[in-house]
Every structure is written in C-alpha cells, then in structure tokens.
Amino acid sequence: MKEYEKLLFEDAKRKATLKAVEEVNLGLFEQKQEEQFDFTLYTKMTYGKKYKGLYDLYQNNETKELVYVCPLVENNKGDYNERKDLAPYAYDVLYLEYLDEETYAQVKKAAVHEKSGIIDVVYFLVLACYFVYFAFTIAATICNITLVFGELLLVCSSLWGCLAVFTGLMPILMIQYRKYKAL
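Report follows, based on the coordinates.

What counts and what doesn't
- Residues numbered from 1 in each chain as written.
- Predicted model: local features only at pLDDT ≥ 70, side-chain atom pairs only at ≥ 80, totals over all residues.
- Heavy atoms only, no water.
- Pairing = 2+ DSSP bridges.
- Helix = DSSP H or I, 4+ residues; strand = E, 2+ residues; numbered from the N terminus.
- Axes fitted to C-alpha atoms, helices over the stretch in contact; angles between N-to-C directions.
- Contact = heavy atoms within 4.5 Å.
- Buried < 20%, exposed > 50% of the residue type's maximum accessible area, 1.4 Å probe, protein only.
- Phe/Tyr/Trp six-rings, centres within 6.5 Å; stacked < 30°, edge-to-face > 60°.
- Lys NZ or Arg CZ within 6 Å of the ring centre and 35° of its normal.

**Details of the sheet that holds strand β4 (residues 66-72)**
Now for step 1: With antiparallel pairing, the five strands of this open sheet are ordered in space as β1-β5-β4-β3-β2. The open sheet is flanked by β1 (29-34) and β2 (42-44), the only strands paired with a single partner. Along the sheet, successive strands turn relative to each other by an average axial angle of 30°, direction set aside.
Now for step 2: Here six bridges tie β4 to strand β5 (residues 90-96), and the two strands are oriented antiparallel to one another. By the bridge assignment for β5, L72 is matched with A90.
Now for step 3: Contacts between helix α1 (residues 3-26) and the sheet are confined to β1, β2, β3 (56-60), β4 and β5, with β4 contributing the most and set at about 80° to the helix.

**Considerations on the pairing of β5**
Now for step 1: Burial analysis of β5 places seven of its seven residues in the buried class, which makes it a mostly covered element.
Now for step 2: Here β5 shows no split at all, with A90, D92, L94 and L96 on one side and Y91, V93 and Y95 on the other all buried.
Now for step 3: By the bridge criterion, six bridges tie β1 to β5 in an arrangement that is antiparallel. Among the inter-strand pairings, E34 is bridged to a residue of β5, identified as Y91.

**Some words on the environment of C162**
Now for step 1: By the secondary structure assignment, C162 is in helix α4 (residues 149-182).
Now for step 2: For the pair C162 and T137, spaced 25 residues apart in sequence, the C-alpha to C-alpha distance is 9.6 Å.

**Some points on the packing of aromatic side chains**
Now for step 1: Across all of its chains, the model carries 14 aromatic pairs by this definition.
Now for step 2: Ring plane angle 55° and centroid distance 6.2 Å describe the contact between Y51 and Y55, whose orientation is recorded as tilted. Both residues of the pair, Y51 and Y55, belong to the buried class.
Now for step 3: Where Y123 meets Y177, the ring centres are 3.7 Å apart and the plane angle is 5°; that geometry is what we call stacked. In this pair, Y123 sits in helix α3 (residues 118-143) while Y177 sits in helix α4, placing the two residues 54 residues apart along the sequence. Residues Y123 and Y177 agree in their burial class; the two are buried.
Now for step 4: Here a set of aromatic residues connected by ring pairs shows up, and it is made of F37, F39, Y42, Y58 and Y91.
Now for step 5: The ring centre of Y104 lies 5.3 Å from the NZ or CZ of K19, which sits over that ring.

The quantities given are spatial measurements derived from coordinates; they are silent on function.
Here it is, written out as structure tokens:
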C-alpha cells in the first residue's frame, strides 16, 4: 500500500468512526449477541480509541455497513494469573443503520433540534446565581458586622447555612454536567 493510500484509508477510518459514534448517539442501531462473528467479511475501521474502551468498529466489505463488535470473554480479573488467551464465548454486536451520505446529513440536521441547549443555559445560570448569592452573603455579613454578635447570628446564619449547602452541591452539579457533555 502506498503512502497516500495509507493516509486516505486513515481519513476514511476517521470519518467512519465519527459517523458511527453519531449514529449510536442518535440510537440508529440494533444490538445483538452473536455466538460467532465472521471477521473475514469485515474490514477493521477503528480509529484512535475503541468505542467505550470495548467496541471495535468494522465495515462490511460488500455492503459498507458499519458494526461495532465487542468480544465477550469470561471475567477473570480476580484470578492470580490473569489469562489473556481466553477465547470469547460470544460477541456483542451493534449493527448500525446503513445511511448514504445524503440521508446521513439529513438525519444529522434533524437531530440538532433534539438536543436542546437548555441544559447549558441552566448550568451557567446556576453558576451565576451561586456567585451572586455568595457575594450577597458576604455583603450582608459585612453590613451586619457592626451589630451585636447575637443579632449577626440571627440575620446571617441562614444565609451562611444555605451557602454551605450550595457549595456542597456545586461539585456534584459540575461532575454531572461534565458527564453529560462527555456523551
């Protein structure tokens, strides 16, 4: 294979991988567990990392259909001598819908309306409200610092208590948002 053919094949693998991931995210696949999988009919198209660290992407040589394949191997992680030579007892296969370029572009365009930007807006709104509330609590405490300590406790304790709860919840919100964006 010549060098430019290798580059073109790598680019084809990259495009196929992006298309396959998008199709899985849109739900355009059928998942089956197969006892046998004939790899001779398929070309391996995995580009970069495996999908979810488990699935390799393959393309049918005749129909150009894309499939994700994960060999199912008996779990032997707890064994002292972990064996890597175990043959898979079955294959988890995601059969992706075959879409030509025009249909794929239309589906992708239609799916834009399904993903709403409202989650991003709410996330940044919550962050803004948190910092406004934080500033308000500090300002209220500074304004009331001249009061007697007992009155300061009565006025500002609920503010500081809520701020403590919100501060504890912010990392959870940020982690869940990052998980959502990673999908």
